[in-house]
Amino acid sequence: MITKRVKAGENSGYHPDELIELGFELWASLRYALFGNNEYIEGLSSPPDDPANPYFRVEGIGLYISPDCQKDLEENSRQCFGINYLGCIH
């Protein structure tokens, strides 16, 4: 089996000429869209267009809470899992 590799490139956190597996490179850039909505969260993050913004609201995208859930459990779930840190992965 052949493994495709690409150069890490500038501002990747790696040496620009280091070879990284294509699958990892694709996942690293797509993971933000799979887990949450990149938005400004007062007190936690910088504006969404800032590449240093690591916080994502996951409720409604990567977190589903049943309408039948007890209210106290629903609120605790939102507090624990409603916002996710998706910072550095290397």
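Please read these numbers as outputs of a predicted model, since none were measured by experiment.

**Details of the overall build of the chain**
Okay, step 1: Within the chain, the secondary structure is distributed over two helices and five strands.
Okay, step 2: Written out in order from the N terminus, the α and β elements of the chain read β-β-α-β-β-α-β.
Okay, step 3: Among the 90 residues that make up the chain, the fraction classed as buried is 21%.
Okay, step 4: Here the chain has roughly 6800 Å² of accessible surface; of this, 55% comes from carbon and sulfur atoms.

**Some remarks on the side chain of glutamate 74**
Okay, step 1: Checked against the element boundaries, glutamate 74 lands in helix α2 (residues 71–81).
Okay, step 2: You can call glutamate 74 buried: its relative accessible area is 13%.
Okay, step 3: For glutamate 74, the contacting residues outside a window of four places in its chain are Ile65 and Cys69.

**Re a nonpolar patch on the surface**
Okay, step 1: Taken together, the side chains of Leu22, Leu26 and Leu30 present a nonpolar region at the surface, about 250 Å² in accessible area.
Okay, step 2: Along the polypeptide, leucine 30 turns up in helix α1 (residues 22–35).

**Re the pattern of salt bridges**
Okay, step 1: Here the structure, examined in full by the defined rule, presents four salt bridges.
Okay, step 2: Lysine 7 is the partner of aspartate 17 in a salt bridge, and the nearest nitrogen-oxygen pair spans 3.7 Å. Taken as a pair, aspartate 17 in the loop between β1 (5–7) and β2 (19–21) and lysine 7 in strand β1 lie far apart in primary sequence, 10 residues in all.
Okay, step 3: Where salt bridges share partners, they join Lys71, Glu74 and Arg78 into one cluster.

What counts and how
Residues numbered from 1 in each chain as written. Predicted model: local features only at pLDDT ≥ 70, side-chain atom pairs only at ≥ 80, totals over all residues. Heavy atoms only, no water. Helix = DSSP H or I, 4+ residues; strand = E, 2+ residues; numbered from the N terminus. Buried < 20%, exposed > 50% of the residue type's maximum accessible area, 1.4 Å probe, protein only. Areas by Shrake-Rupley, 256 points an atom, 1.4 Å probe, with all protein chains shown as cover. Contact = heavy atoms within 4.5 Å. Patch = residues over 30% accessible without salt bridge, like charges linked within 9 Å, V, L, I, M, F, W, Y side chains within 5 Å. Salt bridge = Lys/Arg side-chain N within 4 Å of Asp/Glu carboxyl O.

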